[in-house]
Amino acid sequence: MTFTVYGIAASRAVRPLWVAKELALDFEHVRTPYLGGGARTPEMLAINPNGHIPVVVDHRPEGDVVVWESMACALYLARVHGVADGQSISPANASEEADALRWAFWSVTELEKDALTVLMHLVAMPPDQRKPELAAAAEKRLLPPLQVLEQHLTSQLARGPAYLSGNRFTVADVCVASVVGWCKPARALMAQVPTVSGWLDTCMARPAHQELRNLARMGQ
Ligand SMILES: N[C@@H](CCC(=O)N[C@@H](CS)C(=O)NCC(=O)O)C(=O)O
């Protein structure tokens, strides 16, 4: 049984790709860019009418299962293609499942929009199009939710390594790190949440993420 991930590593597709690499799964990666309408071809619109990447198509004996929304794609792969053994990145029980769901939803509702503004206006857009005042306002709004994360990770330290759930790296960390990573260029902001910064560096140093960063550098 295998599945296909549509999207490129330099996009939100990094979320399901990261899960797939962490689980060492055998899958097909169709490098679909989002610039130039790549996510809006008739073939892509047939599997995601929103015209966005990523899309995961899971080829199951009972028929294809189509998943879009990057967090849903990541959570789905960990749940359906991972092993709930308490060692892998997949949730091992109801409590860890709840952790993965709530932190993934939290990151898209509390962080993602402002984190993207920071990324775009500090580094991603051409310098003449950047608006530092938009990045500064977004940084201000990001501090309270990042302090929530700081507090949670600090409390996790009392029981073991500082990860979001179960004191081991899980899909919850993939989901949240993929958003918090966009805040990295905001150095003054990140300096105010040192435990978050250390956790982020640890997550991003993982071989699976390094592999994806290399793909992203090549535009894949
Ligand atoms: N909420 C969606 C957003 C997906 C999204 O906006 N993807 C971007 C790339 S990161 C895209 O496909 N943009 C192309 C377009 O909208 O035409 C998710 O998380 O999957």
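Just so we're clear, the structure is a prediction, and the values are computed from it rather than from any experiment. (Residues numbered from 1 in each chain as written. Predicted model: local features only at pLDDT ≥ 70, side-chain atom pairs only at ≥ 80, totals over all residues. Heavy atoms only, no water.)

Q: Hey, could you run me through the site of the ligand in this one?
A: Taken together, the neighbourhood of the ligand is formed by Ser-11, Arg-12, Tyr-34, Arg-40, Gly-51, His-52, Ile-53, Pro-54, Glu-69 and Ser-70. A distance of 2.9 Å separates an oxygen atom of the ligand from a polar atom in the side chain of His-52. Protein chains bury 80% of the 510 Å² of accessible surface belonging to the ligand in isolation. Of the residues belonging to the shell around the ligand, the class tally is three nonpolar, four polar and three charged. (Near = heavy atom within 4 Å. Polar contact = N/O pair within 3.5 Å; in protein donor to acceptor, adjacent residues only side chain to side chain. Areas by Shrake-Rupley, 256 points an atom, 1.4 Å probe, with all protein chains shown as cover. Nonpolar A, V, L, I, M, F, W, Y, C, P; charged D, E, K, R; others polar.)

Q: Sorry, what's going on with the packing of aromatic side chains here?
A: Tallied over the entire structure, the rule returns four aromatic pairs. Taking 4.9 Å as the distance between ring centres and 80 degrees as the angle between the ring planes, the aromatic pair formed by Trp-103 and Trp-106 counts as edge-to-face. Taken together, the residues span about one helical turn, with Trp-103 and Trp-106 both in helix H4 (residues 94–124) at a distance of three residues. An identical accessibility class is assigned to Trp-103 and Trp-106; each is buried. (Phe/Tyr/Trp six-rings, centres within 6.5 Å; stacked < 30°, edge-to-face > 60°. Helix = DSSP H or I, 4+ residues; strand = E, 2+ residues; numbered from the N terminus. Buried < 20%, exposed > 50% of the residue type's maximum accessible area, 1.4 Å probe, protein only.)

Q: Help me understand the environment of Val-19, please; the structure alone is not making it clear to me.
A: Looking at the element boundaries, Val-19 is found in helix H1 (residues 14–22). When its relative accessible area of 0% is taken as the criterion, Val-19 is described as buried. When near neighbours in sequence (up to four residues on either side) are disregarded, Val-19 contacts Ala-74, Leu-77, Ala-78, Ile-89, Val-171 and Val-174. (Contact = heavy atoms within 4.5 Å.)

Q: Help me out: how do you make sense of the pairing of strand S1 (residues 2–6) in this one?
A: Regular strands show a simple pattern: their side chains alternate between the two faces of the sheet. Summarising burial for S1: four of the five residues are buried, a large majority. Bridge analysis of S1 against strand S3 (residues 55–60) gives five bridges, and the strand direction is antiparallel. By the bridge assignment, Val-5 is partnered in S3 with Val-56. Where the polypeptide runs from S1 across H1 and back to strand S2 (residues 28–30), its parallel neighbour, the crossover connection is right-handed. (Pairing = 2+ DSSP bridges. Right-handed = clockwise from strand over helix to strand, strands pointing away.)

Q: Hey, could you run me through the domain arrangement of the chain in this one?
A: When the parts of a complex come together, some accessible area is lost, and that lost area is often taken as the interface size. Split into domains, the chain comes out as domain 1 (2–82) and domain 2 (94–208). For domain 1 versus domain 2, the distance between C-alpha centres works out to 22 Å. Contact with domain 1, which involves twelve residues of that partner, is made by 19 residues of domain 2. In total, domain 1 and domain 2 occlude about 1300 Å² of area from one another, counting both sides; carbon and sulfur atoms represent 73% of this. (Domains from an automatic or database assignment. Buried area = accessible area lost by both parts, 1.4 Å probe.)

Q: How should I be thinking about the nonpolar core in this particular structure?
A: General note: in soluble globular proteins, nonpolar side chains tend to be found buried as a group. Judged by nonpolar contacts, the single largest core of 59 residues is most densely connected at Val-19, Leu-146, Leu-149, Val-180 and Trp-199. The leading source of residues in this core is helix H6 (residues 171–180), at eight residues. Of the residues that make up this core, three or more belong to each of domain 1 (2–82) and domain 2 (94–208). Residues contacting Leu-146, with those up to four places away along its chain left out, are Leu-111, Val-180, Leu-189, Met-190, Val-193 and Val-196. With eight residues, the next largest nonpolar core counts Tyr-6, Ile-8, Ala-39 and Val-55 among its residues. (Core = buried A, V, L, I, M, F, W, Y, C linked by side-chain atoms within 4.5 Å.)

Q: Whenever I open this one, the sheet that holds S3 confuses me. Can you help?
A: Paired through their backbone hydrogen bonds, the strands of a sheet run either parallel or antiparallel. The mixed open sheet is built from four strands, whose spatial order is S2-S1-S3-S4. Each of the sheet's edge strands pairs with one partner strand only, and the pair in question is S2 and strand S4 (63–68). Averaged over all neighbouring strand pairs, the angle between strand axes comes to 20 degrees, with direction disregarded. (Axes fitted to C-alpha atoms, helices over the stretch in contact; angles between N-to-C directions.)

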